[in-house]
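One-letter residues, chain by chain:
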Protein chains: 2
Amino acid sequence: MQDEKSGRAPAGPVSMAQVARVAGVSQQTVSRVANGLPNVSERTRERVLLAMEELGFRPNFAGRSLRSGRYNSVGLALYNVEQFGNLGTIKGVLSAAGDVGCAVTTVEMDDRAPLSLAEATRRMAGLPIDALVISMSLKSDDFEDFVPQPGLSTVLLTMYEHPRCTTVDSDQYGCSTLLMDHLAARGHREVRFVGGPAYSVDSTFREKGWRDALAARGVDAAEPLRGDWTADSGYEAGAALAGDAAMTAVYAANDQMALGVVEALRDAGRRVPEDVSVVGVDDSLRDTVPHVGLTTVRFDLVARGRAAVEQALLGTAPSYRPRAIRIPPTLVERSSVAEARR
Amino acid sequence: MQDEKSGRAPAGPVSMAQVARVAGVSQQTVSRVANGLPNVSERTRERVLLAMEELGFRPNFAGRSLRSGRYNSVGLALYNVEQFGNLGTIKGVLSAAGDVGCAVTTVEMDDRAPLSLAEATRRMAGLPIDALVISMSLKSDDFEDFVPQPGLSTVLLTMYEHPRCTTVDSDQYGCSTLLMDHLAARGHREVRFVGGPAYSVDSTFREKGWRDALAARGVDAAEPLRGDWTADSGYEAGAALAGDAAMTAVYAANDQMALGVVEALRDAGRRVPEDVSVVGVDDSLRDTVPHVGLTTVRFDLVARGRAAVEQALLGTAPSYRPRAIRIPPTLVERSSVAEARR
DNA sequence: ACCGGGAATGAGTACGTTAACATTGTGCCT
DNA sequence: AGGCACAATGTTAACGTACTCATTCCCGGT
């Protein structure tokens, strides 16, 4: 049985040599046609293109990059794929890679494999990639010893800084400054904090930003509460906070918890924002809740992914020096913040 | 200046031949060590490993796969990356690929390039992949002519069926059956539908499921409303629906719109679920809204991604026959559905 | 002492591509 | 007419790996 579209039945992958034979030219001429080089006569080009079509030729990636030494692909090592924010980051990575004609080669680092940076790098080093972006929740001590693969430009998506790798992240500290300034400008001094789980690096940086902002204004930080990012855990925190008569504002480390806090405060008879102001982080409720009123902060996650890829590709140049890039957040002002009562 | 870790400064990528020279063995022996083959004496193995370490050897992907003809990678063509559900699907793709030691090579098909299936396949065909998964919003007519790249096992993530490619999707029709059965069992006959935008294929299938379910019970379908997936658009639809005295239930095509419908109905003085029952799709509010009460339907998106990769890899066997796989949803019963008034 | 056998290792080759160089053909200028 | 420039095409070599086969070496059995 023959392929109904072509006269010949191509068995397995088709090489340039086979196309050349059919077209009656040399293999080199096929290469020239495949790469759109100019020095081919129109007649020959057509003959070759026809033969390609007929045989179903597709260029062999391995042969091509063995010759060129380039892969036109960026590596992406992901841990915790389903975590909030990864989709935007992935979009940015794909988009920036696509801009320069690169694909993205991704590997999920799950719990089957060890999670160390060194291990992740080793696994990625054997893949067809020109540069590497690593997105993993990292403990600080992992950094001390880490040495990137020599000859493989590496960027880390993290708030920590590294002497030999560029690091890129949304500014998880700066978002607190932004929100606390916003609250302070409206007379809020006693601001409580509802964080994420203790192991969360992002939450830790947001908490530090909150703490420093209070300290800068000479306010003692009241004990922060801790949720698990869910709205229900925010509700619990809000219920616990409702009795605190001193505080005038609550800073929840994400919007879902902030929504829970608002609900709990209202259920406890405290009005938002008249009695208590509430702010969150992420702007994740925009399309999700009708008439969102939550004042929050938005990260440009796509820019985060884009920056990572751009730096990783820049890093292939020998003169490149590692740097730390922090994508600034923007304030999204809605109606959950009012002037503090005196 | 020398590399501080090794005696020699490796210039550029290191090949097996260079390692062999340093270790005083043949290139073939280095290959055996690199691949863990048994026929190497302990003494030689150690010498080679030492040389590898010293030079910073990493196996060349291109050479390896040129020889083997395999890439150990699955291609993923994505359109509309940030669309709901993609993160779970990506997780499933990565996870299933990782299970068999494969990476995932992804390209975003954005509006710079034409969106046709043929075009996407052509672009992916030159990448280092053994099989291909395509996730694009597809119009039905794209299918008629589409012929997958010969020799490249291809799976489409879509509800449409294709004679020559396996297609995989969450059952966007079956979710309606599930919800309508649930409502019917509680005496609901007049069920209104709030769909997504007209171009959405998913919404179209959900609407068809709703329509067929009504027809099966001899109920004339009242004109469906249309939102844009956001909670606010759901609110508008709910406000328009509130005056309909005949209906006893609303089926919104996603949870965010369903939440808007609930809010609007309550603002209009109709109780949920006592007066009107409301159901949604996706179970996307679970952690997002405190005390979610919405009855909805959950898709196993990870399973969707996993199935796509599994079928794509199975498709590399010559005896494989294309099929259509629909991942069934599960009902998530909460408190927005009650017995219909008589 | 000789031979057979198996383990360790090496030599040669092919995978598909592209760069560099070589060759042929064509037309134009002097 | 002779030669020169340039375009079109062909030839050769090399990229790094792993398969197949050949060789060497050592040991034990007779």
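Our subject is the structure listed above.
What counts, and at which threshold
Residues numbered from 1 in each chain as written. Chains lettered and ligands numbered in written order. Predicted model: local features only at pLDDT ≥ 70, side-chain atom pairs only at ≥ 80, totals over all residues. Heavy atoms only, no water. Least-squares fit on C-alpha atoms with pLDDT ≥ 70 in both. Salt bridge = Lys/Arg side-chain N within 4 Å of Asp/Glu carboxyl O. Helix = DSSP H or I, 4+ residues; strand = E, 2+ residues; numbered from the N terminus. Buried < 20%, exposed > 50% of the residue type's maximum accessible area, 1.4 Å probe, protein only. Contact = heavy atoms within 4.5 Å. Pairing = 2+ DSSP bridges. Axes fitted to C-alpha atoms, helices over the stretch in contact; angles between N-to-C directions. Buried area = accessible area lost by both parts, 1.4 Å probe. Polar contact = N/O pair within 3.5 Å; in protein donor to acceptor, adjacent residues only side chain to side chain. Nonpolar A, V, L, I, M, F, W, Y, C, P; charged D, E, K, R; others polar.

1. Notes on the relation of the copies chain B and chain A
Consideration 1: Expressed as a screw transformation, the operator carrying chain B onto chain A has a rotation angle of 180 degrees and an axial translation of 0.2 Å, and the superposed copies differ by an RMSD of 0.3 Å. These values place the two chain copies in the arrangement generated by a two-fold rotation axis. Relative to the rotation axis, the closest C-alpha in chain B is found at B:Thr105, a distance of 2.1 Å.

2. Quick word on the pattern of salt bridges
Residue and element names in this part refer to chain A.
Consideration 1: Taken as a whole, this structure holds 33 salt bridges over all chains when the rule is applied.
Consideration 2: In this structure, Asp275 and Arg271 form a salt bridge, with 2.9 Å as the shortest nitrogen-oxygen distance.
Consideration 3: Several salt bridges converge on common partners, so that one network encompasses Asp283, Arg286, Arg298 and Arg334.

3. A few points about the side chain of A:Thr230
Consideration 1: Inspection of the secondary structure puts A:Thr230 in the loop between strand S7 (225-226) and helix H10 (231-241).
Consideration 2: On the basis of relative accessible area, A:Thr230 is assigned to the buried category, the value being 16%.
Consideration 3: The residues contacting A:Thr230, other than those within four sequence positions of it, are A:Gln256, A:Met257 and B:Asp287.

4. Some remarks on the sheet that holds S7(A)
All names here are of chain A.
Consideration 1: In spatial order, the strands read S7-S6-S8-S9; together these four strands make up an open sheet with parallel pairing. Strands at the two margins of the open sheet, each flanked by one partner only, are S7 and strand S9 (277-279).
Consideration 2: In this structure, strand S8 (residues 249-252) lies alongside S9, joined through three bridges in parallel fashion. Bridging from a neighbouring strand, Tyr251 pairs with Val279 of S9.
Consideration 3: Against the sheet, helix H9 (residues 201-216) contacts strand S6 (191-195), S7 and S8, and its axis sits at roughly 170 degrees relative to S6.
Consideration 4: Each of S6, S8 and S9 touches helix H11 (residues 255-267); the most contacted strand, S9, lies at about 160 degrees to it.

5. Quick word on the interface of chain B and chain A
The extent of an interface is frequently quoted as the accessible surface area lost upon association of the parts.
Consideration 1: The partner chain A presents 56 residues to the 55 residues of chain B that form the contact.
Consideration 2: Carbon and sulfur atoms supply 59% of the area buried between chain B and chain A, which totals about 4700 Å² over both sides.
Consideration 3: Between A:Lys91 and B:Glu108 there is a salt bridge, and its shortest N-O distance comes to 2.7 Å.
Consideration 4: For the pair chain B and chain A, the number of links is 16 residue pairs in polar contact (both at pLDDT 80 or more).
Consideration 5: Of all the elements in the fold, those that place two or more residues in the side of chain B that touches chain A are helix H4 (61-68), helix H5 (86-99), strand S2 (103-108), helix H10 (231-241) and helix H11 (255-267) of chain B.
Consideration 6: Element by element, the count of residues in the side of chain B that touches chain A is highest for H5(B), at nine residues.
Consideration 7: Counted by class, the side of chain B that touches chain A contains 25 nonpolar, 19 polar and eleven charged residues.
Consideration 8: As judged from the three bridges shared by strand S2 (residues 103-108) of chain A and S2(B), these two strands associate in the antiparallel manner. Note that in S2(B) the partner of A:Val104 across the bridge is B:Thr106.

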